[in-house]
Amino acid sequence: MLGGAGILLGVAAVPAQAAEVSYKTECIPPAASGLGPVEGTTKVEITAPATAKVGDEIEVVWKFVQAASKNPDLIVLPKDSVKPTGTLKASGAQTADIAMEGPQENPEIPKGGDMVLSDMTGKVKLTKAGDVTLAPDAYTITAYSTDTKCTPQEAVPAAATIKVTAAEGGSTTSGGSTSGGMTTGGTTTGGTTTSGGTATGGDTGGTTSGGSTTGGGTTSGGSTSGGDDGQTDFAGKTVTTSFACTSPGPAKIDSSATIDAKKNGGSYDLTVKTAKGVMDSPAPLPAGALKPSMVITVGGDDSGSLKVEGPANKDALNTGDPVSLGDMTGTYKPGADGKATLSPGDLTIVVTLSAGSDPITIPCKATKTAVSLELDVQKQAGGVSGATTSGSGSSSGSSSSSSSSSSGGGLAATGANDHGELRALGLVAGTVILLGGAIFTFMPHRRTR
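Thresholds, definitions, all that
- Residues numbered from 1 in each chain as written.
- Predicted model: local features only at pLDDT ≥ 70, side-chain atom pairs only at ≥ 80, totals over all residues.
- Heavy atoms only, no water.
- Helix = DSSP H or I, 4+ residues; strand = E, 2+ residues; numbered from the N terminus.
- Buried < 20%, exposed > 50% of the residue type's maximum accessible area, 1.4 Å probe, protein only.
- Contact = heavy atoms within 4.5 Å.
- Areas by Shrake-Rupley, 256 points an atom, 1.4 Å probe, with all protein chains shown as cover.
- Pairing = 2+ DSSP bridges.
- Disulfide = S-S within 2.5 Å.
- Phe/Tyr/Trp six-rings, centres within 6.5 Å; stacked < 30°, edge-to-face > 60°.
- Salt bridge = Lys/Arg side-chain N within 4 Å of Asp/Glu carboxyl O.
- pLDDT = per-residue confidence, 0-100.

Caption draft 1: Looking closely at the overall build of the chain. Tallying secondary structure elements over the chain gives two helices and 26 strands in all. Every one of the 449 residues in the chain was classed for burial, and the buried ones make up 42%. Counting only contacts in the chain whose residues sit at least 6 apart along the sequence, the fraction spanning at least 24 positions is 74%. For the chain, the exposed surface amounts to about 20,600 Å²; the carbon and sulfur share of it is 53%.

Given below as structure tokens:
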């Protein structure tokens, strides 16, 4: 693999060849972007062995000299957030579709900068003697778990030709394969470390299940409050919620929320907790990258809404880390006498990928909710009744959830055929935001209640 050169596995390496080809390409942005196909030009360099023998397994390297896209003037792409995959076509004496894959490695890409994609590698076992030609074909660019699929729009010329000979000069092959092959197949890979997992199984069966603490079960009682009997802390019940996010958000998000209150004079300090760690981060995110807020709907004898806000993530996140939204807080000042209900409402998450980049606001409308807490309240001057407040009692007009910054979807721009911006990569603006600890289109981590 050194220097991107082709390697013959099990035999001595032979001189490698590298050739560059370019071809017209059509890229299809993620469906969530609502954008049509855009054409660009891809330039690729393929490196492969010049000669080989039947039975050899060779490695081929695909280097992107020029991708058919640029990063738009919307956001900075963080380091190590983009991953390429593709197909290399073998034809001639042998036909095959060779799966190519590159690591999720890239430098930070500034707004409007050239897309920088990692080199892809793939392997193929040679089965027939003769000339085998290699030509790049379709490829996919994955960013934040959304795919942009790019396909050739013309016949792609061969980028490399391997002269494959029959394996009759066998002694050389057998001599080398003994040492090379056995090392590769080494039982180290089979590592019994994995099977050692029975230790975990043993612990799991422990007395953890005995935890009848849950059985202490007055959780449901949290939905109702005490009256004026000196009670100051009121526990809400956990309710199921669903959200529909405007593009670039997902069609539907399911989660849960709990609203707790602490009496403070005639007002109530609210804390809203959402499900934690339900999804994994698809890419590195810096500390302070995401900040949540939510509208709390007031009902019963009072009416209106107020806003609660949570802190930005304190720690940086690596790819695959579970992500949780911080607890959101605000103040409810009653605007009427009687019983008031509090329910989780619309959710908004503001994402800032790096210092100096423009924040992206993704609003998610609550489509399913329920009352989490009921309070016996007394009207306060400047209370919430009939209005939307900021959560601190000061009037702020109507709900902020409509302030969708669907500012173009954060998709990579192509520089071809005067199409302007090809929003070719589903970046943060083409991502899924999820209540209870998810941003972007994460793989499920573990639902906790």
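Back to the write-up after that little detour.
Caption draft 2: Spatial organisation of the pairing of strand β17 (residues 290-300). With eight of eleven residues buried, β17 lies mostly within the body of the structure. Of the pairings in the sheet, the one linking β17 to strand β21 (residues 338-351) comprises ten bridges and is antiparallel in character. Bridge pairing links Gly300 to Ala340 in β21. Looking at chain direction, β17 and strand β18 (residues 304-309) are connected through six bridges and run antiparallel. Opposite Thr297, over in β18, you have Ser305 as the bridge partner. The turn joining β17 and β18, which pair antiparallel and follow one another in sequence, is formed by three residues.

Caption draft 3: Representation of the state of the cysteines within the structure. According to the stated counting rule, one finds one disulfide in the structure shown. With its sulfur 2.2 Å from that of its partner, Cys27 forms a disulfide with Cys150. On the sign convention where negative is left-handed, the bridge of Cys27 and Cys150, at about 110° about the S-S bond, is right-handed. Linking Cys27 in strand β2 (residues 16-28) with Cys150 in strand β10 (residues 146-152), this pair joins segments that are 123 residues apart in sequence. Residue Cys27 is classed as buried on the basis of its relative accessible area, which comes to 1%.

Caption draft 4: Region of the structure containing unusual backbone geometry. A positive phi angle is found at Asp80, which is not glycine, with a value near 60°. With respect to the helices and strands, the residue Asp80 is situated in the loop between β5 (57-66) and β6 (82-92). Asp80 gets classed as partly exposed once you look at its relative accessible area, which sits at 21%.

Caption draft 5: Representation of the environment of Leu290 within the structure. Relative to the assigned elements, Leu290 resides in strand β17. Relative accessible area serves as the criterion here: at 3%, Leu290 is assigned to the buried category. Through-space distance from the C-alpha of Leu290 to that of Leu353 is 8.2 Å; in sequence the pair is 63 residues apart.

Caption draft 6: Representation of the packing of aromatic side chains in the model. Here the structure, examined in full by the defined rule, presents five aromatic pairs. Summarising the aromatic geometry, the rings of Trp62 and Tyr139 are spaced 6.1 Å apart at their centres and angled 75° between planes, so their arrangement reads as edge-to-face. Of the two residues, Trp62 sits in strand β5 while Tyr139 sits in strand β9 (residues 130-143), which places them 77 residues apart along the sequence. Each member of the pair Trp62 and Tyr139 is classed as buried.

Caption draft 7: Seen up close, the pattern of salt bridges. Under the defined criterion, the tally for this structure stands at eight salt bridges. Here Asp97 makes a salt bridge to Lys89, at a shortest N to O gap of 2.9 Å. Across the salt bridge formed by Lys262 and Asp233, the nearest N and O atoms sit 3.1 Å from each other. In this pair, Lys262 is assigned in strand β14 (residues 253-264) and Asp233 in strand β12 (residues 233-234), connecting sequence segments 29 residues apart. According to the relative accessible area criterion, Lys262 is partly exposed, its value standing at 43%. Under the relative-accessibility criterion, Asp233 is labelled partly exposed at 43%.

Caption draft 8: The arrangement of the environment of Ser303 in detail. Along the polypeptide, Ser303 turns up in the loop between β17 and β18. Judged by relative accessible area, which is 33%, Ser303 ranks as partly exposed.

Caption draft 9: Examining the confidence of the model for the chain more closely. Per-residue confidence for the chain gives a mean pLDDT of 72; residues scoring 70 or more make up 62%. This stretch, residues 170-222, has a pLDDT under 50; its non-local contacts, to residues over four places away or in other chains, come to 14 contacts. Low confidence marks residues 391-449, where pLDDT is under 50. Its contacts with residues over four positions away, or in another chain, come to 213 contacts.

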